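# Architecture and fold: a report
Chain by chain, the residues:
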Amino acid sequence: MGVNLSQALERASHREVAPALWNKLWNSKILERHKILWWCILSNALPIRSMIGRRFHIEDTCCPLCGLGEESMEHLFLSCDVALHLWRTISPWGIYPICNTRI
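Since we're looking at a predicted model, the values are computed, not measured.

Here the focus is helix H2 (residues 19-27). Every buried residue belonging to H2 is among Leu21, Trp22 and Leu25, and all of these are buried. Buried residues of H2 fall within an arc of 100° about the axis and therefore sit on the same side. For H2, the exposed residues lying more than 90 degrees away from the buried face are Pro19, Ala20 and Asn27.

See below:
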């Protein structure tokens, strides 16, 4: 697709994903389940705690995997050590998030 996760999240934060990006996504030659995952990420459709916490009162918005930060899209896909380990070792999808803030 030519766009990494951090670039896509940056673009999506502008409240509207450009139709050209949607067309690239749906016409790409990646697996359908990957397309759906990307759509969920870019549409903020994943039920993550930070988003649920904005809509409903919940006590804890911490990441249930590591407990070190609020479970947000960025945390889940870019900075949670447990999630990164799962994406790299267990996931059959072969997703390797790229984050420029890590050394």
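Moving on to the nonpolar core. Ranked by size, the top nonpolar core spans 13 residues in total, and within it Ile41, Leu46, Ile48, Met73 and Phe77 carry the most contacts. Those elements giving two or more residues to this core turn out to be helix H3 (32-42), helix H5 (73-79) and helix H6 (81-89). Three or more residues apiece are contributed to this core by two domains, here domain 1 (1-45) and domain 2 (60-102). Ignoring any residue separated from it by four or fewer positions in sequence, one finds Ile48 in contact with Glu71, Ser72, Met73 and Leu76. By size, the runner-up hydrophobic cluster in this structure holds five residues, among which are Leu21, Trp22, Leu25 and Trp38.

For the rest of this paragraph, the subject is the environment of Gly67. Along the polypeptide, Gly67 turns up in the loop between helix H4 (49-55) and H5. Between the alpha carbons of Gly67 and Cys80 there is a distance of 9.1 Å; along the sequence they are 13 residues apart.

This part takes up the pattern of salt bridges. Inspection of the entire model under this criterion finds three salt bridges. The partner of Lys35 in a salt bridge is Glu32, and the shortest N-O contact between them spans 3.1 Å. Residue Lys35 and its partner Glu32 are located together in helix H3, separated by three residues, close to a single helical turn. Here Glu71 ties to Arg49 by a salt bridge, and the two come within 3.9 Å at their closest N and O atoms.

Moving on, we get to the packing of H2 against H3. Running from N to C, H2 and H3 point in directions that differ by 160°, and their axes come no closer than 9 Å. Here H2 is positioned roughly antiparallel relative to H3, judged by the angle of their axes. Crossing of H2 over H3 shows left-handed handedness. In this structure, H2 uses Leu21, Trp22, Leu25 and Trp26 to contact H3, whose residues at the interface are Lys35, Ile36, Trp38, Trp39 and Leu42. Broken down by class, the residue content of the contact of H2 with H3 amounts to eight nonpolar, no polar and one charged.

Each value, and the rule that gives it
Residues numbered from 1 in each chain as written. Predicted model: local features only at pLDDT ≥ 70, side-chain atom pairs only at ≥ 80, totals over all residues. Heavy atoms only, no water. Buried < 20%, exposed > 50% of the residue type's maximum accessible area, 1.4 Å probe, protein only. Helix = DSSP H or I, 4+ residues; strand = E, 2+ residues; numbered from the N terminus. Arc of directions from axis to C-beta. Core = buried A, V, L, I, M, F, W, Y, C linked by side-chain atoms within 4.5 Å. Domains from an automatic or database assignment. Contact = heavy atoms within 4.5 Å. Salt bridge = Lys/Arg side-chain N within 4 Å of Asp/Glu carboxyl O. Axes fitted to C-alpha atoms, helices over the stretch in contact; angles between N-to-C directions. Parallel < 35°, antiparallel > 145°, perpendicular 65-115°, else oblique. Left-handed = near helix turned anticlockwise from the far one by under 90°. Nonpolar A, V, L, I, M, F, W, Y, C, P; charged D, E, K, R; others polar.

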